[in-house]
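Breakdown of the fold
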Amino acid sequence: MTETRPPVRIVHLGLGAFCRAHICSYLQDLGGWGVLGVSLRSASVRDALAPRDFRYTAAALSSDGLELRQIDVVRGCLVAPEDPAAVIAAMADPAVSLVSLTVTEKGYCHDPATGILNADHPAIRHDLRNPLPRSAIGFLVRGLAARRQAGLAPFTVLSCDNLSDNGALTRAVTVDLARHIDPDLADWIAAEGVFPSSMVDRIVPATTPADIERIAALSSRTDAAPVLHEPFSQWVITDDLADDIAELATVGVQIVPQIAPFEHMKLRMLNGAHSALAYLGLCAGFATVAEAVADKSMAAYLQHLWQHEVIPTLTAPPDTDLGVYAGTLMTRFANTGIQHRLSQIAMDGSQKIPQRLLATVDDALAQGGKADALLLGLAAWIARFETLQGSDDPMANHLRACVADTPAQTVANVLSLETVFDPALAARIKTPLTEIYTALHTTGVHRCLAKYG
Ligand code: CS2
């Protein structure tokens, strides 16, 4: 029997575990859409997937067991630093109509407080001068230029990262970089380019060597790159998608006119809670999300955060009860089947904090509400600055340099980081954040959490 595999119609930048556990599982259900992955840095994913011809096992883990599935929609993986021209050629293939991205927040090379392209970013400085780029945004620009030159329509650019209005942000940084390179190209992208926004959701911890052994034992296959994930999954995309991708609606993707209610709910309730939990949980000595929420005061803190500080800032998406959503999140966080490490979530805080915590603080205070629990999460982030390594955060050096002799001076230094904090918000939170950070610093995390229950 000859086996047919779907032809490549999507180029995906950032073939990490999240893409393979989320996007590829929808494409597996859909059938007919093959993915060519691109790794922007190392060859490790390509090398791990190649021996099984890019097939891999996806394991859905719940507290009571696991379900294995074979995924075969990935057709190959290019390692961009080895051959950047091949990536541009793949994007210019007429059979490709979509370029999707999971490159993490920092992969957009933007200023987190404003969403504007950081022209001083080393990869962007490189991409401004060289036709063979390094950054994801550089590849979008050069890939779109190659399409234009070949007389093809642009591919649809689908950002699947946890950023606010990720389609608009991707459009802005792409057009901005193109403008520096070729103003006509920038005008063409601005006029013809399609950049839907999306909300993606599935908890996918990094795969460990122990996971690899466990899946191999269960599936009786040698699989060097399995993915482990929770059973839950959600994908919401704005309805400006190219027609053919609208097929995704047949496999459970929600195609909606407005992303904001979905995205705010997810970024502020799930990711905001994740970040607060990560920083507080690490201060308290926990290692995983499930361990942290098993703690009574930590769970009570999260309930307070959702009910009293986050939900009042949200507009519920259609047919959604935000109280029920909070309950589902607690159950998902408590899943002992997955080992979701707090240290993984704690990474890159400078890129995550604005859309996960600060936007909520801003709205809560503007409505005359309280934001003390959110500010405690922020204080716990600051409490970790002293020990940050370069690989923990792209701003690690700046963050470490904020630590001063007194808690008040540390907070003042942190709030002056304009790439993270809008100055008006910084001024508004200075007094309460100083009080909360001082209390955390002097009395410790358990005392600070005790007041929540
Ligand atoms: C997490 C997310 O690592 C993190 O920062 O908050 O990866 C989270 O697990 C996903 O967004 C869930 O959809």
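What counts, and where the lines are drawn
Residues numbered from 1 in each chain as written. Predicted model: local features only at pLDDT ≥ 70, side-chain atom pairs only at ≥ 80, totals over all residues. Heavy atoms only, no water. Helix = DSSP H or I, 4+ residues; strand = E, 2+ residues; numbered from the N terminus. Near = heavy atom within 4 Å. Polar contact = N/O pair within 3.5 Å; in protein donor to acceptor, adjacent residues only side chain to side chain. Nonpolar A, V, L, I, M, F, W, Y, C, P; charged D, E, K, R; others polar. Domains from an automatic or database assignment. Salt bridge = Lys/Arg side-chain N within 4 Å of Asp/Glu carboxyl O. Contact = heavy atoms within 4.5 Å. Buried area = accessible area lost by both parts, 1.4 Å probe. Phe/Tyr/Trp six-rings, centres within 6.5 Å; stacked < 30°, edge-to-face > 60°. Buried < 20%, exposed > 50% of the residue type's maximum accessible area, 1.4 Å probe, protein only. Lys NZ or Arg CZ within 6 Å of the ring centre and 35° of its normal. Axes fitted to C-alpha atoms, helices over the stretch in contact; angles between N-to-C directions. Parallel < 35°, antiparallel > 145°, perpendicular 65-115°, else oblique. Expected span 1.5 Å × (residues − 1). Pairing = 2+ DSSP bridges.

What to know about unusual backbone geometry
- One non-glycine residue, Asp53, adopts positive backbone phi at about 50°.
- With respect to the helices, strands and loops of the structure, Asp53 is situated in the loop between helix H3 (44–49) and strand E3 (56–62).
- Its identity is not glycine, yet Asp348 carries a phi of approximately 60°, on the positive side.
- With respect to the secondary-structure elements, Asp348 resides in the loop between helix H14 (342–346) and helix H15 (349–366).

Regarding the site of the ligand
- Around the ligand, the structure places Asn162, Val200, Asp201, Arg202, Ile203, Lys266, Asn271, His274, His340, Ile345, Lys352 and Arg356.
- In this structure, Arg202 approaches the ligand through a main-chain N or O atom, which is 3.0 Å from an oxygen atom.
- In this structure, His274 approaches the ligand through a side-chain N or O atom, which is 2.8 Å from an oxygen atom.
- For the shell around the ligand, the secondary structure elements donating two or more residues are strand E8 (198–201), helix H10 (260–283) and H15.
- Sort the elements by how many residues they give to the shell around the ligand and H10 lands first, with 3 residues.
- For the shell around the ligand, the residue count by class is 3 nonpolar, 4 polar and 5 charged.
- Looking at which domains feed residues into the shell around the ligand, each of domain 1 (8–256) and domain 2 (260–450) supplies at least three.

Details of the pattern of salt bridges
- Considering all chains together, one arrives at 13 salt bridges under this definition.
- Among the salt bridges present, the one from Asp53 reaches Arg5, with a minimum N-O distance of 3.2 Å. In this pair, Asp53 sits in the loop between H3 and E3 while Arg5 sits in the segment before strand E1 (8–13), placing the two residues 48 residues apart along the sequence.
- The residue Arg268 makes a salt bridge to Asp363 at a minimum N-O spacing of 2.9 Å. Of this pair, Arg268 sits in helix H10 while Asp363 sits in helix H15; the two residues are 95 residues apart in sequence, bridging distant segments of the chain.
- A network of salt bridges, in which partner residues are shared, links Arg46, Asp47 and Glu82.

With respect to the domain arrangement of the chain
- Segmenting the chain into domains produces domain 1 (8–256) and domain 2 (260–450).
- Each of domain 1 and domain 2 has a C-alpha centre, and these two points are 27 Å apart.
- Across the boundary between the two partners, domain 1 contributes 30 residues, which contact 32 residues of domain 2.
- Summing the contributions of domain 1 and of domain 2, the shared interface buries around 2,400 Å²; its carbon and sulfur component is 56%.
- Applying the counting rule to domain 1 against domain 2 returns 4 salt bridges.
- For Arg332, the salt bridge goes to Asp201, with nearest N and O atoms at 2.9 Å.
- Remark: the boundary between domain 1 and domain 2 carries 14 residue pairs in polar contact (both at pLDDT 80 or more).
- For the side of domain 1 that touches domain 2, the elements supplying multiple residues, two or more each, are E3, E8, strand E10 (234–238) and strand E11 (254–256).
- Looking at the side of domain 1 that touches domain 2 element by element, the count peaks at 3 residues for E8.
- Partitioning the side of domain 1 that touches domain 2 into residue classes produces 14 nonpolar, 8 polar and 8 charged.

Regarding the packing of aromatic side chains
- One pass over the structure, following the stated rule, counts 4 aromatic pairs.
- Seen in terms of ring centroids, Tyr301 and Tyr452 are 5.3 Å apart; in terms of plane orientation they differ by 80°. Their pairing is edge-to-face. Remark: Tyr452 occurs in the segment after helix H20 (445–450) and Tyr301 occurs in helix H12 (residues 296–310); sequence separation between them is 151 residues.
- Taking relative accessible area as the criterion, Tyr301 reaches 0% and is therefore assigned buried.
- Each ring, one from Trp381 and one from Phe385, has its centre 4.8 Å from the other, and the planes form 90°; the classification is edge-to-face.
- For Phe385, a relative accessible area of 0% puts it in the buried group.
- Sitting above the plane of the Tyr56 ring, Arg20 keeps its charged end 5.3 Å from the centroid.
- Seen from the ring of Phe232, Arg332 lies directly overhead, with NZ or CZ sitting 3.8 Å from the centre.

Topic: the packing of H15 against helix H19 (residues 423–443)
- For the pair H15 and H19, interaxial distance at closest approach is 11 Å and the crossing angle is 70°. In terms of orientation, H15 and H19 fall into the roughly perpendicular class. For the pair H15 and H19, contact is made by Leu358, Val361, Asp362 and Leu365 and by Leu425, Arg428 and Ile429, respectively.
- Its residues placed into classes, the contact of H15 with H19 shows 5 nonpolar, no polar and 2 charged.

Considering the environment of Arg400
- In this fold, Arg400 is placed in helix H17 (residues 396–401).
- Residue classification places Arg400 among the partly exposed positions, given a relative accessible area of 32%.
- Looking at Arg400, its side chain comes within polar contact range of the main-chain oxygen of Leu388, at 2.5 Å.

Quick notes on helix H6 (residues 136–149)
- Over its 14 residues, H6 extends 20 Å from the first C-alpha to the last, a length consistent with the 20 Å expected when each residue adds 1.5 Å.
- Counting buried positions along H6 yields 11 of 14 residues, so the element is predominantly enclosed.
- For H6, every residue scored as buried is listed here: Ala136, Ile137, Gly138, Phe139, Leu140, Val141, Arg142, Gly143, Leu144, Ala146 and Arg147.
- Gly151, located one to two residues past H6, shows a positive phi value of around 75°.

Quick word on the sheet that holds E8
- Spatial strand order, E8-E10-E11: 3 strands in an open sheet with mixed pairing. In this open sheet, the two strands that pair with only one neighbour each are E8 and E11. The sheet shows a mean angle of 15° between the axes of neighbouring strands, direction not considered.

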